[in-house]
Amino acid sequence: MAVNEAIPSQFRKGVVELAILALLHDGEAYGAEIVDRLGAHPGLAISAGTAYPLLSRLKKSGLITSVWRESPSGPPRKYYRLSVDGDEAFGAMARAWVDMRDAMDSLLRGESRP
């Protein structure tokens with residue numbers, strides 16, 4: 001049976017938002033930097049065409065804020081950072097991720113009960 005190529009994509013879509021919040025939890029970043037940093041992790045690479053609408057959605061939902069800053073080289077850049085609500089959401093999502101990861105690891109090891 002051939003592996004369905006859509007499966008990794010579906011997994012990735014489910015964690016990219018958490019990955020962006022995790023990057024911004026470490027400090028502010030501009031859009032292209034977020035794309036590059038995610039691209040350094042296999043399975044999390046996204047295009048700018050995916051990143052910017054997601055960043056816009058996160059901003060609209062109040063999880064991140066943005067500010068324009070002059071760049072030492074080139075045009076000004078929009079920097080993103082977690083809002084207070086975003087920091088709280090990141091903590092809750094990270095805890096949920098750890099719980100799900102631990103449960104899946106247990107099931108993948110063949111353990112049917114905790």
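Residues numbered from 1 in each chain as written. Predicted model: local features only at pLDDT ≥ 70, side-chain atom pairs only at ≥ 80, totals over all residues. Heavy atoms only, no water.

A.B. asks: Got a minute to help me understand the sheet that holds strand E3 (residues 77-82) in this structure?
C.D. replies: Two strands in a sheet stick together by hydrogen bonds in their backbones, pointing the same way (parallel) or opposite ways (antiparallel). Overall, antiparallel pairing links the three strands, which are arranged E1-E3-E2 in an open sheet. Because the sheet does not close on itself, it has two edges, and the strands there are strand E1 (29-30) and strand E2 (64-69). Where E1 lies against E3, two bridges are found, and the strand directions are antiparallel. Paired with Ala29 across the two strands is Tyr80, which belongs to E3. Across the sheet, helix H3 (residues 48-60) is in contact with E2 and E3; its angle to E2 comes to roughly 115°. (Pairing = 2+ DSSP bridges. Helix = DSSP H or I, 4+ residues; strand = E, 2+ residues; numbered from the N terminus. Contact = heavy atoms within 4.5 Å. Axes fitted to C-alpha atoms, helices over the stretch in contact; angles between N-to-C directions.)

A.B. asks: Quick question: what am I supposed to make of the layout of surface pockets here?
C.D. replies: With a probe scaled to a water molecule rolled over the atoms, the places where space remains empty come into view. Space inside the largest pocket adds up to approximately 370 Å³. Lining the largest pocket are 13 residues; nearest its centre among them are Phe11, Val15, Trp97, Arg101 and Met104. Listed by contribution, the elements that provide at least two residues to the lining of the largest pocket are helix H1 (6-25) and helix H4 (84-108). Tallied by class, the residues present in the lining of the largest pocket amount to nine nonpolar, one polar and three charged. (1 Å grid on protein atoms, 1.4 Å probe; cavity = no way out; pocket = protein on both sides within 12 Å on 5 of 7 lines; lining within 4 Å. Points joined across faces, edges and corners; volume = space filled by probe spheres on them. Nonpolar A, V, L, I, M, F, W, Y, C, P; charged D, E, K, R; others polar.)

A.B. asks: Looking at this structure, I do not really get the nonpolar core. What am I missing?
C.D. replies: As a rule of thumb, soluble globular proteins bury nonpolar side chains together. Membership of the largest hydrophobic core comes to 22 residues, with the highest contact counts inside it found for Ile20, Leu24, Ile34, Leu38, Leu58 and Ile64. Elements with a contribution of two residues or more to this core: H1, helix H2 (31-39), H3 and E3. In terms of residues, this core owes the most to one element, H1, which gives seven residues. Residues in contact with Ile20, not counting those within four places in the same chain, are Ile34, Leu38, Ile46, Leu54, Leu55 and Leu58. (Core = buried A, V, L, I, M, F, W, Y, C linked by side-chain atoms within 4.5 Å. Buried < 20%, exposed > 50% of the residue type's maximum accessible area, 1.4 Å probe, protein only.)

A.B. asks: What is the right way to read the pattern of salt bridges from this model?
C.D. replies: If the charged atoms of two oppositely charged side chains come close together, the side chains can form a pair. Within this structure, the stated rule accounts for five salt bridges. Glu28 is the salt-bridge partner of Arg81, the closest N and O atoms lying 2.8 Å from each other. One end of the pair, Arg81, is in strand E3; the other, Glu28, is in the loop between H1 and E1, and 53 residues separate them in sequence. The exposure class of Glu28 is partly exposed, given its relative accessible area of 29%. A single salt-bridge network, built from bridges that share partners, covers Glu28, Arg69 and Arg81. (Salt bridge = Lys/Arg side-chain N within 4 Å of Asp/Glu carboxyl O.)

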